[in-house]
Amino acid sequence: YIYLLGCSPKHKGKRVGSTLLRVTEEMSQITGNLPIYLESHSDNEAFYSRYMKCAETMKLVNPDKSPDSDGDATLMAFILNPAS
């Protein structure tokens, strides 16, 4: 399970995220080809879909209940199984 993966917005488009995912996949292969699982906001679907398949989508209604919230959010669960 990937608890946190990200990079500074100033580094977007420089393949930093791709490199982090590739290193994570290599670590998974070393430890017995364990599946890699992460959850992300649907805004990141295009990026993660290049490397992983979407296993589940869940809609959250105003998840943080804060007054400045944008409202509803969709979270997506992605999985990469290096053995497949």
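Conventions used here
- Residues numbered from 1 in each chain as written.
- Predicted model: local features only at pLDDT ≥ 70, side-chain atom pairs only at ≥ 80, totals over all residues.
- Heavy atoms only, no water.
- Helix = DSSP H or I, 4+ residues; strand = E, 2+ residues; numbered from the N terminus.
- Buried < 20%, exposed > 50% of the residue type's maximum accessible area, 1.4 Å probe, protein only.
- Areas by Shrake-Rupley, 256 points an atom, 1.4 Å probe, with all protein chains shown as cover.
- Core = buried A, V, L, I, M, F, W, Y, C linked by side-chain atoms within 4.5 Å.
- Contact = heavy atoms within 4.5 Å.
- Expected span 1.5 Å × (residues − 1).

Visitor: How would you sum up the overall build of the protein? Please name residues and give values.
Guide: Scanning the protein for helices and strands turns up two helices and three strands. Across the protein, helices and strands are ordered from the amino to the carboxyl terminus as α-β-α-β-β. Taking all 84 residues of the protein together, 19% fall into the buried category. Roughly 6,000 Å² of accessible area belongs to the protein as shown, and the carbon and sulfur atoms make up 54% of that amount.

Visitor: Would you mind going over the nonpolar core in detail, with residue names and values included?
Guide: In this structure, Ile2, Leu21, Ile36, Leu38, Tyr48, Met52, Met76, Phe78 and Leu80 together form the largest nonpolar core, which totals nine residues. Elements with a contribution of two residues or more to this core: strand 1 (36–41) and strand 3 (73–80). Tallying contributions element by element places strand 3 first for this core, with three residues. Other than its neighbours up to four places away in sequence, Ile2 contacts Leu21, Thr24, Ile36, Tyr37 and Leu38.

Visitor: Which residues make up helix 1 (residues 16–30), and what values go with them?
Guide: The end-to-end C-alpha distance of helix 1, which contains 15 residues, comes to 21 Å, matching closely the 21 Å that a straight helix rising 1.5 Å per residue would cover. Downstream of helix 1 by a residue or two, Gly32 has a phi angle that is positive, lying close to 105°.

Visitor: Account for the environment of Gly6, naming residues and giving values.
Guide: Structurally, Gly6 can be placed in the segment before helix 1. Given the relative accessible area of 55%, Gly6 is considered exposed. Distance in space between the C-alpha atoms of Gly6 and Leu20 is 8.4 Å, their sequence separation being 14 residues.

Visitor: Summarise unusual backbone geometry; cite the residues concerned and give the values.
Guide: Trans is the prevailing form of peptide bonds, just as negative phi is the prevailing case for residues other than glycine. With a phi close to 70°, Arg15 is a non-glycine residue in the positive phi region. Positionally, Arg15 belongs in the segment before helix 1. The class of Arg15 is exposed, set by a relative accessible area of 53%.

Any functional reading would require information that these geometric values do not contain.
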